[in-house]
Amino acid sequence: MSVNVYIPGPFRSATGNMAKVESEGSTVAEALRTLGNRYPAFKSLVFDLNGGVADHVAVFLNNRDIGTLQGDQTAIGEGDEISIVPAMSGGASGWSEEQILRYSRHIVMPQVGGKGQRKLLNAKVLLIGAGGLGSPTAMYLAAAGVGTIGLVDADVVDLSNLQRQLLHDTNDVGKPKVDSGQERINDLNPEVNVIKHRLYLNSENAMEIISGYDIVVNGCDNFPTRYLVNDTCVFLKKPLVDGSILFFEGQATVYLPGKGCYRCVYPAPPPPGMVPSCAEGGVLGVLPGIVGCIEAIETIKLILGLGESLSGRLLLFDALSMEFRQMKLRRDPQCPVCGDHPTVTELIDYEEFCLGIASPTEAAREAIRIG
Amino acid sequence: MSIKVRVPTPLRGLASGQDVLTITGDNLLQCIDSLEIQYPGFRDRLCDESGELRRFVNIYVNGEDVRFLDGITTPLKAGDEVSIVPAVAGG
């Protein structure tokens, strides 16, 4: 029987850096021994002195732990998949068998491994909005094992949401979105701790709520909240993963502390009525799927410290031309919030700000600065 | 100078539905002027009463924000790509 054996990152130096190797045999033990004969270093990693599979290694056949089958005597069939998962540093303790299996596709990647998966499990991510963008973000973060997910949303599920908001289903109409969101998240992954914030974020509650999280992901549907979330993240030095959508187009970027913010890109909101909301203008239902998934990927990259974040780049997606383009973003030294001489140093009235009326305190500060 | 202008969906109504326009102009201001002549209404969406670029619409030349170049007088050359990117709040 010819089978594929998946080699975990830490063991690949023993198999010529191959992540997947073919082997043969009629049982798991035979297939592993065949490999051991081909790669002597692999043999010493996987087998103990008595010739059995070492205790520090878990072996899965087609995603099932062989410990729950017939151990290394489990028979294998043509094309079966064997995965080898080494115990994490500190021993296998701290990981349940279910966790090792659930996250095996992460753990086998050297860029993630057990350490990275542990970072995901320890991460606390706050999603602003459990709607179009928040749905795919929440589901993928939950599936990935992000341990704590906060949901901020005051709304109840409406039938018109279901064209795109996959956190909720037809039976949820009328239910608070944070409740149906929690159910979907825990159906996907029961070990995620969902914290429900059924409220409208405002200048009174934003600092307290956001301070409890490591990363904020924006999926809200209005300008006042976007400026509020931005300013709060700047004040609290929290990374903000940002996305927005309308019609057939989406935008995404990441604002890291000290490297520019939403106000550097959009210093002022459009006058009310100038840019329609999704409710007024419409949105292609799949679009938030793309943009929300990009937000989820960026969040995971930040948690794992992997790759190049979208920080400093505005990613534009046009579904009609099926094009992704990038614009360069910079921190604006004149930015009123994160610039060299900030004039806004505490949260303001964002409804008023978005009506184009500067708050009295802000107007006064501006006058002092100019004077 | 033949310049390519990328038009976002909210402004395509002004441009008979086109997403890319070809325009001439030696700088951004001239480019906006010729847009206005061919597709009336553009200037008002991009500039305020005093002729300055509106703060909630960003214009990028070859991916660089013109606010960090020469603003409305940013020079353009043949083959440049001007992208109009409005703030969008939907989620």
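K.L.:
Mind showing me how you'd approach the pairing of strand E11 (residues 249-255) of chain A here?
P.N.:
The side chains of a regular strand alternate between the sheet's two faces. Residue and element names in this part refer to chain A. In terms of burial, E11 is a largely internal element, six of the seven residues being buried. Here strand E10 (residues 240-246) pairs with E11 via seven bridges, running antiparallel. Across the sheet, the residue bridging to Ser244 is Gln251, located in E11. What sits between the antiparallel neighbours E10 and E11 is a turn of two residues, in which Phe247 has the positive phi angle 60°. Sheet analysis places E11 next to strand E12 (residues 313-318), joined by four bridges and oriented antiparallel. Bridge pairing in E12 places Ala252 opposite Leu315.

K.L.:
Which parts of the structure should I look at to understand the confidence of the model for chain B?
P.N.:
Do not read the fine detail of predicted coordinates wherever pLDDT is low. Per-residue pLDDT for chain B averages 94, and the proportion of residues at 70 or more is 100%. Among the prediction metrics, the complex's ipTM stands at 0.93, with pTM recorded as 0.78.

K.L.:
What is the right way to read the packing of aromatic side chains from this model?
P.N.:
Aromatic ring pairs are described here by two measures, namely the spacing of the ring centres and the angle between the planes. All names here are of chain A. For the structure on display, the rule yields six aromatic pairs over all chains. Note on Tyr227 and Phe353: the rings are 5.0 Å apart at their centroids and 75° apart in plane angle, and the pair reads as edge-to-face. You can see Tyr227 sitting in helix H9 (residues 223-236) and its partner Phe353 sitting in helix H13 (residues 350-354), a full 126 residues away along the chain. Like Tyr227, the residue Phe353 is buried in the burial classification. An aromatic cluster is present here, built from Tyr227, Tyr255, Tyr262, Tyr266 and Phe353 joined pairwise through their rings. The ring of Trp95 carries Arg118 above its face, with NZ or CZ at 4.2 Å from the centroid. Directly above the aromatic system of Phe353 lies the positively charged group of Arg263, at a separation of 4.7 Å from the ring centroid.

K.L.:
Which parts of the structure should I look at to understand the packing of helix H6 (residues 134-144) of chain A against helix H12 (residues 287-304) of chain A?
P.N.:
Residues and elements named next belong to chain A. Where H6 contacts H12, the two axes come as close as 8 Å, and the packing angle between them is 40°. In terms of their interaxial angle, H6 and H12 are classed as oblique. Read as a crossing pair, H6 and H12 show a hand that is right-handed. Here Pro136, Thr137, Tyr140, Leu141 and Ala144 of H6 lie close against H12, whose contacting residues are Pro288, Gly289, Gly292, Cys293, Glu295, Ala296, Thr299 and Ile300. The residue makeup of the contact of H6 with H12, split by class, is eight nonpolar, four polar and one charged.

K.L.:
Help me out: how do you make sense of the environment of Leu32 of chain A in this one?
P.N.:
All names here are of chain A. Checked against the element boundaries, Leu32 lands in helix H1 (residues 28-38). The spatial distance from the C-alpha of Leu32 to the C-alpha of Pro342 is 63 Å, given a sequence separation of 310 residues. Other than its neighbours up to four places away in sequence, Leu32 contacts Val5, Phe42, Val46, Phe47, Val53, Val59, Ile82 and Ile84.

K.L.:
Looking at this structure, I do not really get the pattern of salt bridges. What am I missing?
P.N.:
Any two side chains of opposite charge can pair, so long as their charged atoms come close to each other. In this structure the tally under the stated criterion is 23 salt bridges over all chains. The salt bridge partner of Arg263 of chain A is Asp231 of chain A, with a shortest N-O separation of 2.5 Å. One end of the pair, Arg263 of chain A, is in helix H10 (residues 262-265); the other, Asp231 of chain A, is in helix H9, with 32 residues separating them in the sequence. On the accessibility criterion, Asp231 of chain A (0% relative accessible area) is buried. Of the charged contacts, one joins Arg6 of chain B and Glu323 of chain A as a salt bridge, the two residues approaching to 2.9 Å between their closest N and O atoms. One end of the pair, Arg6 of chain B, is in strand E1 (residues 2-6); the other, Glu323 of chain A, is in strand E13 (residues 323-328), on a second chain. Residue Glu323 of chain A is classed as partly exposed on the basis of its relative accessible area, which comes to 30%.

Rules of the game
Along each chain, residue indices are assigned from 1 in the same order as the chain's sequence is written. Each chain is given a letter, starting from A, and each ligand a number, starting from 1, according to the order in which they appear as written. Residue-level local features of this predicted model are given only where pLDDT is at least 70; pairs of side-chain atoms are given and counted only at 80 or more, and the full residue set underlies all totals for whole chains, interfaces and linings. As a rule here, side-chain values cover all heavy atoms of the structure and leave hydrogens and water aside. Burial classification: accessible surface area is computed with a 1.4 Å probe over protein chains only, and a residue below 20% of its type maximum counts as buried, one above 50% as exposed, and the rest as partly exposed. Numbering goes from the N terminus for both helices and strands, where a helix is a DSSP run of H or I of at least four residues and a strand is a run of E of at least two. Note on pairing: two strands pair once DSSP finds at least 2 bridges between them. Per residue, pLDDT measures the predictor's confidence, with a range of 0 to 100. Only Phe, Tyr and Trp rings take part, Trp by its six-membered ring, and two of them pair if their centres are within 6.5 Å. Stacked means planes under 30 degrees apart, edge-to-face means over 60, and tilted covers everything else. Here, a charge over a ring is recorded when the distance from Lys NZ or Arg CZ to the ring centre is within 6 Å and its angle to the ring normal is within 35 degrees. To define axes, lines are fitted to C-alpha atoms, for helices over the stretch in contact only, and angles between the resulting N-to-C directions are given on a 0 to 180 degree scale. Note on angle classes: values under 35 degrees are labelled roughly parallel, values over 145 roughly antiparallel, values of 65 to 115 roughly perpendicular, and the remainder oblique. A clockwise turn of the near helix away from the far one marks a right-handed crossing, whereas an anticlockwise turn of less than a right angle marks a left-handed crossing. Contacts are residue-level and defined by heavy atoms, with any inter-residue pair within 4.5 Å sufficient. For this classification, the nonpolar set comprises Ala, Val, Leu, Ile, Met, Phe, Trp, Tyr, Cys and Pro, the charged set comprises Asp, Glu, Lys and Arg, and every other residue, Gly included, is treated as polar. Salt bridges are defined as contacts in which a side-chain nitrogen from Lys or Arg sits within 4 Å of a carboxyl oxygen from Asp or Glu.

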